[in-house]
Amino acid sequence: MTPPLAGIRIADLTHYYAGPYCTRLLSDMGAEVIKVESLRHYDPSRGPTDRQFGRAYPSPRPEGSFINQAGNTNKNNRNKLGVTLDLTRPEGHPLFRSLLAVSDIIVESYSAGVLARFGYPFAELQKIRPDIIYVALPAMGSTGPEKHYRGFGTTIDMLSGIASLRGYGDGPPTLADINYGDPIAGATAAGAVLLALHHRAATGEGQFVDLSQLQTLVTLQGEHLLDAQMNGRNSEPIGNHHPSWAPHNVFPCRDDDFWVAIACRNDSEWAAAASVIGRPELAADPRFADAASRKQNETELESIVAGWTRTLTRHEAAARMQAAGVPAGPVHRTSDIAIDPQLADRDFFATISHPQSGTHAYPGVLWRLSGTPGGVSRPAPTLGQHNADVFGDLLGLETAEIQTLETDGIIGTVPTVDVWA
Amino acid sequence: MGPHSAGEIETVAIGGLSNSRVLEVGQGIAGSFACRLMAGYGAEVWKVEPPQGDATRDLGPFPADVPNREASASFLFLNAGKRSATIDTSTESGRSALHEFGKQFDAIVVSGMPREVEALGLDALAGSSIVTYVTPFGRTGPYRDWQATELIWEAMGGLMHITGDHEREPLKNPGVQISYIAGYQIYGTTLAALYARLTTGEGQIADISMMECAVHVLENTFMRWQYQAEQRRRGGTFRSPVYPAGDGFVAVVMGLGEERRRSFADMLEEPALLEERFLSRATASQLWDEIDQYLIPWLMDHEKEWIVREAQRRGLLFGAARTSSDLLGNRQLESRGFYHEVDHPVAGALKYPGAPYDASEVPWKPGRAPLLGEHTRQMEQAIDAARSSAAGDGEQA
């Protein structure tokens, strides 16, 4: 059962989270992904060279370098091979060109124009490999008056309009603990690579895919953009409420800061919920008998439901609602996710042993295929871990050549610059 | 771009997904969005609706808030570029028609509760087609028969616990974010399976769990638990970077270096902020209350897009909280041809968001949403033709 992207090779120049998440999805599908970093500028998501800062580290911390122990980096870069080479020095370029010549795809997430400044605009990439697929993930796109705008999660969350829609409904735009733009752009980009592979299969042509992270997020607001035109208004945050369904919220349970989410999409789900909470007569009560009335009396409705949820644990409340066919679920903490029975039953987590971070469970393959399944087969690479394999075995350099490159600092495993200094 | 009708004959293209025919079955925003993307990048997409129409036809928003099955913004956006045929799959003849029609497709994306979608018998088509199932929790497991909506996926996916204010209830993301993210994942999964088929010649079954799509969004948060048993919770001690500006809100993102802080002082034209204590990384992060004395009035004196322009050109990664109107008029999106004006027989001409990415060899196809059952007759003709042809073969044998 050969995975879908067996035999496809990707030169992965991405940093942080969006790009690496894209190439992780593809490596899970069997693509050989070669993560290309530099001793002068390794993937900044690895963190500083000399201390723990701003990210998850294994605790207790095993022997190893901090840059090989960053949690999210290890999560997003499993299955990949790791090399280093230095494009700020002339000796780095023949290596890079050799790698590109044997790669089907190159993915990068630099600011617009950076790869071109290193000497590799798309036209040059095509000279090296005529059918190359080049996918770029600049924040705003490669063209346009704002192409130079840079941003991490917060910036893009705001500029894309998502932040304006998020909130309890009575305050300023609210940000999330997660940079939503990253997994969204990454998943979109993985699809873009597949589109280009299909195109190449049909025509023999490669192409340049310019993925604007901004656009991937604005796309998610289609109905709001149409509403603004139809009705001359901008959507406001409505917290946990739904425009037309009620009850639709999280409700406090017996213990402090434990909650259950309940959503009734129609009258029959509300009738079922009313029975579950021991108030079947509320199904026909004029205050709650149809969707419009339930929305009008939402505060009162929620107070009644909360009176019931407060007597139960979140799991009890969810189970009783589900038994009656009502959408409900516990608000999970991260620790709950790690032991969730549904995820466990489906083998959602993959156990990976990393040479400098230890053994842990990581989210596994999301794209589940019956005939050609993907898989997780190796940990994230330490910096430059596969230099010998890739430059020697794959690109055919002699051991002496590789040694010279190491001595000259073009390749290696120990950074010469701390990106976070 | 001029108005565009789904009824027009398309010129033949051989690239992108133009070799692929995709059938969308069942109810679910995620599957609908995935299929809309496939249509946009060239696939011929048919949507099977129940006789009363897809649920998003009732979701709105609507012009003047008057419910109208042919003018629901959710439906219009999610189904641009598709054909619509109605089938009553609660009847045996309906399921038989679906089965016969499904054979003519390379991929079938079917969304709903596992029991319901499995009753359609589409597994039988997986020998030659890709059948992608999209269910709330997956086709297997103890929650297989649990009902869910966006709120439930966000709650159980661990996203709500870490979103919102420290002192308040967990907060959901706006709209249907998980469905859209899952849509991008379903698109990738289905294309991966179609790509495998180019080699194997065989179909297969894909199993997408909406809950797993939600959990995939957890980034650092999940690893903080896995690596160091640290539980993240919403709010906490971090200052919100969101400030009011003259005409809305901005996010003030400073960066770490002295150079950036000098640029900041220069932008505010405030020499006091050039004092050493404001420039040094060690001390500056404790001085926000003082910095706010200068920052807050300056922000209120200027408009948000101007602030972002000034900040960005100085390397400060500020953002502005844009509204839908802001986005519709945004020069970056306009210059990239992101919007397409598309006419619709009932909803009229509107500007639709287009391609999430620009593929140099695969132009985006805007299209319009179909009327309910607009192409039912064509479907019936296709089914009849297939049945006659099979009967003819039978006779000859």
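Everything numeric here is computed off the predicted structure, so don't read it as measured data.

*Asks:* Could you clarify how one ought to interpret the nonpolar core in this entry?
*Replies:* Nonpolar side chains tend toward joint burial in soluble globular proteins. If you look at the biggest cluster of nonpolar residues, it comprises 184 residues, and the most contacted ones within it are Met 38, Tyr 187 and Phe 264 of chain B. Residue contributions to this core peak at twelve residues, all from helix H6 (residues 177-200) of chain B. When sequence neighbours within four positions are dropped, the list of residues in contact with Met 38 of chain B reads Leu 17, Val 22, Ala 43, Val 45, Val 109, Tyr 187, Thr 190 and Leu 191 of chain B. Leu 81, Leu 125, Val 390 and Ile 411 of chain A belong to the second-largest nonpolar core, a separate cluster that totals 31 residues.

*Asks:* Got a minute to help me understand the confidence of the model for chain B in this structure?
*Replies:* Atom-level detail of predicted coordinates should not be read off regions where pLDDT is low. All names here are of chain B. Residue-level pLDDT values for chain B average 93, and 95% of them are 70 or greater. Counted against residues more than four places away or in other chains, residues 1-8, with its pLDDT under 50, gives 13 contacts. What the predictor reports for the complex is a pTM of 0.95 with an ipTM of 0.97.

*Asks:* Looking at this structure, I do not really get the packing of aromatic side chains. What am I missing?
*Replies:* The geometry of an aromatic ring pair comes down to the distance between the two centres and the angle between the two planes. Applying the stated rule across the entire model yields 24 aromatic pairs over all chains. Consider the rings of Phe 101 of chain B and Phe 105 of chain B, whose centres lie 4.9 Å apart with planes at 80°: the pair is edge-to-face. Each member of the pair Phe 101 of chain B and Phe 105 of chain B is classed as buried. Among the aromatic residues, those joined into a ring-pair cluster are Phe 33, Phe 77, Tyr 180 and Tyr 184 of chain B. Directly above the aromatic system of Tyr 168 of chain A lies the positively charged group of Arg 168 of chain B, at a separation of 3.9 Å from the ring centroid.

*Asks:* In this structure, what is going on with the sheet that holds strand E1 (residues 9-12) of chain A? I would like to understand it.
*Replies:* Strands pair in a sheet through their backbones, by hydrogen bonds, and they do so in one of two ways: parallel or antiparallel. Pairing within the open sheet is mixed, and its seven strands lie in the order E3(A)-E2(A)-E1(A)-E4(A)-E5(A)-E6(A)-E12(B). The outermost strands of the open sheet, each flanked by one partner alone, are strand E3 (81-84) of chain A together with strand E12 (357-359) of chain B. Across the sheet, the axes of successive neighbouring strands diverge by a mean angle of 20°, strand direction being ignored. Two strands pair when backbone bridges link them, and strand E4 (residues 105-108) of chain A and strand E5 (residues 133-136) of chain A are joined in this way by four bridges, in the parallel orientation. Bridge pairing in E5 of chain A links Ile 105 of chain A to Ile 133 of chain A. Here helix H8 (residues 181-203) of chain A sits on the sheet and contacts E4, E5 and strand E6 (207-211) of chain A together with E12 of chain B; the angle it forms with E6 of chain A, its principal contact strand, is near 160°.

*Asks:* Hey, could you run me through the interface of chain A and chain B in this one?
*Replies:* Accessible area lost upon the coming together of the parts serves often as the stated size of an interface. Listed as interface residues are 149 residues of chain A and, on the opposing side, 140 residues of chain B. With both sides pooled, the region where chain A packs onto chain B buries about 12,600 Å², and carbon together with sulfur makes up 61% of that total. Linking chain A with chain B are eleven salt bridges, by the criterion used here. With a shortest N-O distance of 3.0 Å, Glu 212 of chain B and Arg 368 of chain A are connected by a salt bridge. Viewed at the interface, chain B and chain A are joined by 72 residue pairs in polar contact (both at pLDDT 80 or more). Ranked by the residues each element gives to the side of chain A that touches chain B, the list is headed by H8 of chain A, at 15 residues.

*Asks:* What should I look at first to understand empty space enclosed by the protein in this one?
*Replies:* The gaps left among the atoms become clear once a water-sized probe is rolled over them. Residues and elements named next belong to chain B. Taken as a whole and judged by the stated rule, the model has one cavity of 30 Å³ or more. Here the largest cavity defines a volume of roughly 50 Å³. In this structure, the largest cavity is lined by Met 254, Arg 261, Phe 264, Ala 265, Leu 273, Phe 278 and Ile 291. Top contributing element to the lining of the largest cavity by residue count: helix H9 (residues 258-267), with three residues. Broken down by class, the residue content of the lining of the largest cavity amounts to six nonpolar, no polar and one charged.

*Asks:* What should I look at first to understand unusual backbone geometry in this one?
*Replies:* With the exception of glycine, most residues fall at negative phi, and the peptide bonds are largely trans. The residue after Ser 59 of chain A, namely Pro 60 of chain A, is reached through a cis peptide bond having omega 0°. In this fold, Pro 60 of chain A is placed in the loop between strand E2 (32-37) and helix H2 (71-76). For the bond from Gly 60 of chain B to Pro 61 of chain B, the omega torsion is -10°, close enough to zero to count as cis. By secondary structure assignment, the location of Pro 61 of chain B is in the loop between strand E2 (44-49) and helix H2 (73-78). The phi dihedral of Tyr 16 of chain A falls on the positive side, at around 65°, and the residue is not glycine.

*Asks:* Explain the packing of helix H1 (residues 18-28) of chain A against H8 of chain A here, please?
*Replies:* Helix-helix packing is characterised by the crossing angle of the two axes and by the distance between the axes. All names here are of chain A. At a minimum axis distance of 7 Å, the contact between H1 and H8 shows a crossing angle of 45°. On the basis of their axis angle, the class for H1 and H8 is oblique. As H1 packs across H8, the resulting crossing turns out to be right-handed. Judged by residue contacts, Ala 18, Tyr 21, Cys 22, Leu 25 and Leu 26 of H1 engage Asp 182, Pro 183, Ala 185, Gly 186, Ala 187, Ala 189, Ala 190, Val 193 and Leu 194 from H8. By residue class, the composition of the contact of H1 with H8 is twelve nonpolar, one polar and one charged.

*Asks:* Just checking my understanding: could you explain the state of the cysteines for this structure?
*Replies:* Put plainly, two cysteines are in a disulfide when a covalent bond ties their sulfur atoms together. Applying the stated criterion across every chain, the model contains zero disulfides over all chains. With no disulfide of its own, Cys 22 of chain A lies closest to Cys 213 of chain B among cysteine sulfurs, the gap being 16 Å. The exposure class assigned to Cys 22 of chain A is buried, which follows from its relative accessible area of 0%. Of the cysteine sulfurs around Cys 264 of chain A, a residue in no disulfide, the closest is that of Cys 253 of chain A, at 15 Å.

*Asks:* For this particular structure, what's the right way to read helix H17 (residues 387-394) of chain A?
*Replies:* In an α-helix, one turn spans 3.6 residues; hence positions three or four apart end up facing the same way. Residues and elements named next belong to chain A. Residues Asn 387, Val 390, Phe 391 and Gly 392 constitute the buried set of H17. Here the buried face of H17 lies against E2, E3, helix H3 (92-101) and helix H18 (399-407). One or two residues past the end of H17 sits Gly 396, with phi positive at roughly 80°.

*Asks:* Is there a simple way to think about the pattern of salt bridges in this case?
*Replies:* Close approach of charged atoms allows side chains of opposite charge to pair. Considering all chains together, one arrives at 64 salt bridges over all chains under this definition. In this structure, Glu 269 of chain A and Arg 265 of chain A form a salt bridge, with 2.8 Å as the shortest nitrogen-oxygen distance. On the basis of relative accessible area, Glu 269 of chain A is assigned to the buried category, the value being 9%. A salt bridge links Glu 118 of chain B to Arg 139 of chain B; the shortest N-O distance between them is 2.8 Å. On the criterion of sequence distance, the pair formed by Glu 118 of chain B in helix H4 (residues 114-118) and Arg 139 of chain B in the loop between strand E5 (130-135) and helix H5 (150-156) is long-range, its members being 21 residues apart. A relative accessible area of 29% means that Glu 118 of chain B is categorised as partly exposed. On the basis of relative accessibility, which here comes to 15%, the residue Arg 139 of chain B falls in the buried class.

What counts as what
- Residues numbered from 1 in each chain as written.
- Chains lettered and ligands numbered in written order.
- Predicted model: local features only at pLDDT ≥ 70, side-chain atom pairs only at ≥ 80, totals over all residues.
- Heavy atoms only, no water.
- Core = buried A, V, L, I, M, F, W, Y, C linked by side-chain atoms within 4.5 Å.
- Buried < 20%, exposed > 50% of the residue type's maximum accessible area, 1.4 Å probe, protein only.
- Helix = DSSP H or I, 4+ residues; strand = E, 2+ residues; numbered from the N terminus.
- Contact = heavy atoms within 4.5 Å.
- pLDDT = per-residue confidence, 0-100.
- Phe/Tyr/Trp six-rings, centres within 6.5 Å; stacked < 30°, edge-to-face > 60°.
- Lys NZ or Arg CZ within 6 Å of the ring centre and 35° of its normal.
- Pairing = 2+ DSSP bridges.
- Axes fitted to C-alpha atoms, helices over the stretch in contact; angles between N-to-C directions.
- Buried area = accessible area lost by both parts, 1.4 Å probe.
- Salt bridge = Lys/Arg side-chain N within 4 Å of Asp/Glu carboxyl O.
- Polar contact = N/O pair within 3.5 Å; in protein donor to acceptor, adjacent residues only side chain to side chain.
- 1 Å grid on protein atoms, 1.4 Å probe; cavity = no way out; pocket = protein on both sides within 12 Å on 5 of 7 lines; lining within 4 Å.
- Points joined across faces, edges and corners; volume = space filled by probe spheres on them.
- Nonpolar A, V, L, I, M, F, W, Y, C, P; charged D, E, K, R; others polar.
- Parallel < 35°, antiparallel > 145°, perpendicular 65-115°, else oblique.
- Left-handed = near helix turned anticlockwise from the far one by under 90°.
- Disulfide = S-S within 2.5 Å.

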